[in-house]
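Structural characterization, general
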Amino acid sequence: MKKKLLYIGNKLSKHGNTATSIETLGSFLEEEGFTMYYASSKKNQFLRMLAMIITTCKLAKKVDYVLIDVYSTKNFWYAFVISQLCRILNLKYITKLHGGNLPNRLKRNPYLSDLIFINAYKITAPSSYLFECFSSRNYNNLLYIPNTINISKYDFTERKVTAPKLLWVRSLARIYNPIMAIKVLNEIKREFPNAELCMVGPDKENIIQECKDFANQHNVSVTFTGKLHKEAWVALSSEYTIFINTSRYDNTPVSIIEAMAIGLPVVSTNVGGIPYLLEDKENALLVNNDDVMGMAKAIQLLINDATLTAMLIKNSRILVETFDWQIVKHQWFDILK
């Protein structure tokens with residue numbers, strides 16, 4: 001008999017935000033026959049927290065497990081509140097770690113972190129980076145379960161990279177450093193005047209005008225699409241040749257995994273969990289945080305060295321095939337049996 005689960009997280013895609021694992025993993029589990037309940041899709045943070053508390057109390061005797069997304073910033077607090085509520089209600093809860101800055105949260109709030117994680121039924125880390133950081137705290141209920149995609153939905157194309165047509169896919173937020181992408185375009189245009197940049201993602205922090213103003217000041221044209229559904233940006237990717245990631249903090253971005261699945265070579269900053277996912281000159285090219293010149297040179301290398309680029313694309317696809325739901329789902333079944 002399949003279990004009943006309550007998933008606590010930010011289910012906010014209907015408000016224009018990027019879908020997170022509460023929607024992706026939740027949908028996968030539903031397709032496997034699990035009964036899923038969710039909290040919350042309330043846009044207001046106070047109402048969202050209230051809905052999480054009420055839903056947890058209401059379903060306490062109905063669900064077998066509570067799955068809680070844990071972030072490093074202000075959303076850390078709903079994970080803390082719900083985890084302690086689960087303890088009071090004698091509910092088994094599973095924490096799913098997110099965010100490249102979680103190790104700093106462990107350092108800043110060790111006591112509160114221990115209250116969440118020591119008492120969890122299981123802690124799931126989607127990257128070796130977070131697994132290693134949390135292992136140092138000697139949590140004996142820690143498991144590595146990678147972020148997952150349905151690989152059959154991503155048509156692989158071995159691209160010939162002859163021009164820098166750059167694709168960037170993240171929320172417009174300062175931790176993802178969107179201005180760096182525009183700086184890279186400005187730099188690469190010195191050698192490739194026809195270079196292009198398309199930035200896909202919702203304006204999470206109301207900084208799109210700042211990005212547009214910066215582009216105008218440097219006389220470069222950037223396409224901003226706003227939020228696109230997965231199928232839309234994957235279709236759009238056929239018009240581009242290189243995927244760039246400019247994050248200041250990161251964990252294991254699903255957008256990078258998806259880019260690798262469809263055959264886009266990746267150039268990324270080497271922050272947080274990125275070096276645990278990507279290996280420089282093996283399946284991607286990595287540069288230091290905010291290293292505009294380094295990223296521009298890496299893009300030039302992809303264009304000038306077809307053999308290297310083909311190898312990176314091939315190795316990327318081999319790696320992400322291990323993240324397919326048909327493989328990863330058995331790890332979730334083992335927890336939820």
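Please read these numbers as outputs of a predicted model, since none were measured by experiment.

1. Quick look at the overall build of the protein
What the protein contains, in helices and strands, is 14 helices and twelve strands. A compact globule built from 337 residues should have a C-alpha radius of gyration of about 20 Å, and the protein, at 20 Å, falls within 12% of that. Dimensions along the principal axes, computed over C-alpha positions, put the protein at roughly 65 × 40 × 35 Å. Out of the 337 residues in the protein, the part that is buried amounts to 55%. When the accessible surface of the protein is split by element, carbon and sulfur atoms take 50% of a total near 15,200 Å².

2. Things to note about the sheet that holds strand 1 (residues 4-8)
On the basis of which strands lie adjacent, the open sheet formed by six strands has the order 2-1-3-4-5-6 and parallel pairing. Edge strands, defined here as strands with exactly one partner in the open sheet, are strand 2 (35-39) and strand 6 (142-144). Adjacent strand axes in the sheet meet at a mean angle of 25 degrees, parallel and antiparallel pairs treated alike. Contacting strand 1, strand 3 (65-70) and strand 4 (93-97), helix 3 (residues 76-88) crosses the sheet at an angle of about 160 degrees to strand 3. Strands in contact with helix 6 (residues 128-135) are strand 4, strand 5 (122-125) and strand 6; relative to strand 6, the strand with the most contacts, it is inclined by about 160 degrees.

3. Regarding the side chain of Asn 141
For Asn 141, the location among the structural elements is in the loop between helix 6 and strand 6. One polar contact links the side chain of Asn 141 to the main-chain carbonyl oxygen of Phe 117, over a distance of 3.0 Å. Dropping the residues within four chain positions of it, Asn 141 is found in contact with Phe 117, Ile 118, Ala 120, Tyr 121, Lys 122 and Ile 123.

4. Thoughts on the nonpolar core
Counting 38 residues, the largest nonpolar core has Ile 182, Leu 197, Met 199, Val 222, Ile 244, Val 267 and Ile 299 as its most contacted members. Of all elements in the fold, only strand 7 (165-169), helix 7 (178-188), strand 8 (196-200), helix 8 (208-217), strand 10 (242-245), strand 12 (285-287), helix 12 (292-304) and helix 13 (306-320) reach the threshold of two or more residues within this core. In contact with Ile 182, not counting residues within four places along its chain, are Leu 197, Met 199, Cys 211, Phe 214, Ala 215, Val 220, Val 222 and Phe 224. Listed in part, the 36 residues of the second largest apolar core include Tyr 71, Phe 80, Leu 91 and Cys 133.

5. Side note on the pairing of strand 10
Here strand 10 shows no split at all, with Ile 242 and Ile 244 on one side and Phe 243 and Asn 245 on the other all buried. The pairing of strand 7 with strand 10 spans two bridges and is parallel. Bridge assignment links Leu 166 to a residue of strand 10, and that residue is Ile 242. You can see the chain leave strand 10, run along helix 10 (residues 254-261) and come back into strand 11 (residues 266-269), and the turn it takes is right-handed.

6. Regarding the sheet that holds strand 12
Spatially, the six strands line up as an open sheet ordered 9-8-7-10-11-12, and their pairing is parallel. Strands at the two margins of the open sheet, each flanked by one partner only, are strand 9 (223-226) and strand 12. Ignoring which end each strand starts from, the neighbouring axes of this sheet average 20 degrees apart. Note: strand 11 against strand 12, three bridges, orientation parallel. In the strand pairing of strand 12, Val 267 is matched with Leu 285. Against the sheet, helix 7 makes contact with strand 7, strand 8, strand 9, strand 10 and strand 11, and its axis sits at roughly 165 degrees relative to strand 8, the strand it touches most.

7. Quick notes on the packing of aromatic side chains
Under the criterion given, the structure shown has eleven aromatic pairs. Note on Trp 77 and Phe 80: the rings are 6.3 Å apart at their centroids and 80 degrees apart in plane angle, and the pair reads as edge-to-face. Residue Trp 77 and its partner Phe 80 are located together in helix 3, separated by three residues, close to a single helical turn. Assessed through its relative accessible area of 17%, Phe 80 is described here as buried.

8. Some details on the environment of Lys 329
With respect to the helices, strands and loops of the structure, Lys 329 is situated in helix 14 (residues 325-336). Lys 329 sits in the buried class, given a relative accessible area of 12%. Of note is the side chain of Lys 329, whose polar atom sits 3.4 Å from the side chain of Glu 32.

Reading the values: rules and limits
- Residues numbered from 1 in each chain as written.
- Predicted model: local features only at pLDDT ≥ 70, side-chain atom pairs only at ≥ 80, totals over all residues.
- Heavy atoms only, no water.
- Helix = DSSP H or I, 4+ residues; strand = E, 2+ residues; numbered from the N terminus.
- Rg over C-alpha atoms; globule rule 2.2 N^0.38 Å.
- Buried < 20%, exposed > 50% of the residue type's maximum accessible area, 1.4 Å probe, protein only.
- Areas by Shrake-Rupley, 256 points an atom, 1.4 Å probe, with all protein chains shown as cover.
- Pairing = 2+ DSSP bridges.
- Axes fitted to C-alpha atoms, helices over the stretch in contact; angles between N-to-C directions.
- Contact = heavy atoms within 4.5 Å.
- Polar contact = N/O pair within 3.5 Å; in protein donor to acceptor, adjacent residues only side chain to side chain.
- Core = buried A, V, L, I, M, F, W, Y, C linked by side-chain atoms within 4.5 Å.
- Right-handed = clockwise from strand over helix to strand, strands pointing away.
- Phe/Tyr/Trp six-rings, centres within 6.5 Å; stacked < 30°, edge-to-face > 60°.

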